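Structural features, examined
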Amino acid sequence: MNNFDLRKYLAEGRLLKENTNPIWVIDAFEDSADIEQAGPAYKEAVIDIIKSKHPDISDKDLEASIEVMNVTWYNEARSNAKGSEPEEMKVSAEDFADGAIEHYEDVIVFDNNNNRDSNIDDDFDKRLNDLIKDSKHPTRNLKYFSERHRNEFRKYAEKYLKPTDASYEEIRSALFDYTIKHYDTKDI
């Protein structure tokens, strides 16, 4: 103990590290582990770690991610307790939070992005298809185009209009401009 240097200990941040990464000790015979048993400081540390990586995470997504890891550790503890040689398990707040973050990034964010993209795609495709059926004017209606021209305009629309989630009028205007720039109206 004579060699203990308090200034060095504090400068290295060891005191802070111990407090920000508490350990949840799950008894070897605990078959119904729950994060609440780890105490409020543990859960706060988990939340702080998650929010430091994803500050804009919603409360709903945060709770869902924590619950997934809670169920994971419940199942691990249950298997351990029922096994032939149960052992005490230690789960750091950092490890718990890493699992929750992984779930959030891989499942929740992915699902949210896919739902948003599919809604945009569906809306855009609906507007484009409505335009095909709409006007009787040959230069403003895809149904008067040859199959090749319709496919070319669809590719053009996918590349330039879909990323901006163009409105019906913007698509219609682009169709008119596209026909004027690219085709002789005799080809239509």
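Thresholds applied
Residues take numbers from 1 onward in each chain, read along the sequence in its written order. Reporting of local features is limited, given that this is a predicted model, to residues whose pLDDT is at least 70; pairs of side-chain atoms are given and counted only at 80 or more, and all residues count toward the totals for whole chains, interfaces and linings. Only hydrogens and water are set aside; all other atoms, that is, all heavy atoms of the structure, feed into the side-chain values. Going along the chain from the N terminus, every DSSP run of H or I of four or more residues is numbered as a helix, and every run of E of two or more is numbered as a strand. Under this definition, polar contacts are N or O atom pairs within 3.5 Å; protein pairs additionally need one hydrogen-donor-capable and one acceptor-capable atom, and for neighbouring residues in sequence, both atoms have to be side-chain atoms. The definition of a nonpolar core used throughout is a set of buried Ala, Val, Leu, Ile, Met, Phe, Trp, Tyr and Cys residues joined through side-chain atoms within 4.5 Å. Each residue is assigned to one of three classes by its accessible area relative to the maximum for its type, calculated with a 1.4 Å probe on protein chains only: buried under 20%, partly exposed between the two thresholds, exposed over 50%. Contacts between residues were defined by any pair of non-hydrogen atoms, one from each residue, lying within 4.5 Å. Aromatic pairs are defined between Phe, Tyr and Trp rings, using the six-membered ring for Trp, whenever the two ring centres lie within 6.5 Å; interplanar angles under 30 degrees are classed as stacked, those over 60 as edge-to-face, and all others as tilted. A patch consists of residues whose relative accessible area exceeds 30% and which take part in no salt bridge; residues with like charges are grouped when within 9 Å of each other, and nonpolar side chains (Val, Leu, Ile, Met, Phe, Trp, Tyr) when within 5 Å. Accessible surface area values rest on a Shrake-Rupley calculation with a 1.4 Å probe, where residue burial reflects the displayed protein chains alone. A pair is scored as a salt bridge if a Lys or Arg side-chain nitrogen falls within 4 Å of a carboxyl oxygen belonging to Asp or Glu. Only four residue types enter the charge count: Lys and Arg as positive, Asp and Glu as negative, with His and the chain ends excluded. To locate a charge, the coordinates of NZ of Lys, CZ of Arg, CG of Asp or CD of Glu are taken. One less than the residue count of a helix, multiplied by 1.5 Å, gives the span that helix is expected to have.

Here's the deal with the environment of Glu30
Following the sequence through the fold, Glu30 ends up in the loop between strand 1 (23-26) and helix 3 (40-53). Taking the C-alpha atoms as reference points, Glu30 and Glu88, 58 residues apart in sequence, are found 8.9 Å from one another. A distance of 3.0 Å separates a polar atom in the side chain of Glu30 from a polar atom in the side chain of Ser32.

Focus: the nonpolar core
In this structure, Trp24, Tyr42, Val46, Ile50, Ile66 and Phe96 are the most contacted members of the largest nonpolar core, which totals 25 residues. When contributions to this core are tallied by element, the ones reaching two or more residues are strand 1, helix 3, helix 4 (59-82), strand 2 (89-92) and helix 5 (93-133). Here this core gets 7 residues from one element, more than from any other, and that element is helix 5. Aside from chain neighbours lying at most four places away, what touches Tyr42 is Pro22, Ile23, Trp24, Ile35, Val91, Ser92, Ala93 and Phe96. Core analysis: the second largest hydrophobic core is formed by 7 residues, Phe153, Ala157, Ala166 and Ile171 among them.

Quick word on the packing of aromatic side chains
The final tally for this structure, using the stated rule, is 3 aromatic pairs. When the ring of Tyr42 is compared with that of Phe96, the centres are 6.1 Å apart and the planes differ by 75°; the resulting orientation is edge-to-face. On the criterion of sequence distance, the pair formed by Tyr42 in helix 3 and Phe96 in helix 5 is long-range, its members being 54 residues apart. Judged by relative accessible area, which is 2%, Tyr42 ranks as buried. Here the aromatic residues Trp24, Tyr42 and Phe96 are joined through ring pairs into a cluster of three or more.

With respect to the side chain of Asn80
Along the chain, Asn80 falls in helix 4. What Asn80 contacts, discounting residues up to four positions off in sequence, is Ala28, Glu85, Pro86, Glu87 and Met89.

Description of a negative patch on the surface
Taken together, the side chains of Glu94, Asp95, Asp98, Glu102 and Asp106 define an acidic patch exposed on the protein surface. Its place among the elements puts Glu102 in helix 5.

Comments concerning the environment of Tyr156
With respect to the secondary-structure elements, Tyr156 resides in helix 6 (residues 147-161). Put simply, Tyr156 and Leu175 are 19 residues apart on the chain and 9.5 Å apart in space, counted from C-alpha to C-alpha.

A closer look at the pattern of salt bridges
Taken as a whole and judged by the stated rule, the model has 5 salt bridges. A salt bridge links Lys82 to Asp31; its shortest N-O distance comes to 3.6 Å. Note that Lys82 is positioned in helix 4 and Asp31 in the loop between strand 1 and helix 3, a separation of 51 residues in sequence. Exposure remark for Asp31: the relative accessible area of 28% places this residue in the partly exposed category. We note a salt bridge from Lys53 to Glu105, for which the minimum N-O separation is 3.6 Å. You can see Lys53 sitting in helix 3 and its partner Glu105 sitting in helix 5, a full 52 residues away along the chain. Counted as one network, the salt bridges with shared partners bring together Asp31, Arg78 and Lys82.

Focus on helix 4
Here helix 4 contains 24 residues, and its C-alpha end-to-end distance of 34 Å stays within 8% of the 34 Å for a straight helix at 1.5 Å per residue. Along helix 4, the residues that are buried comprise Asp61, Leu62, Ser65, Ile66, Met69, Asn70, Trp73, Ala77, Asn80 and Ala81.

Considering the side chain of Ser92
On the secondary structure map, Ser92 appears in strand 2. By relative accessible area, Ser92 is classed as buried at 8%. A polar contact is formed between the side chain of Ser92 and the backbone nitrogen of Asp95, at a distance of 3.0 Å. Discounting chain neighbours no more than four positions away, the residues touching Ser92 are Asn21, Pro22, Ile23 and Tyr42.

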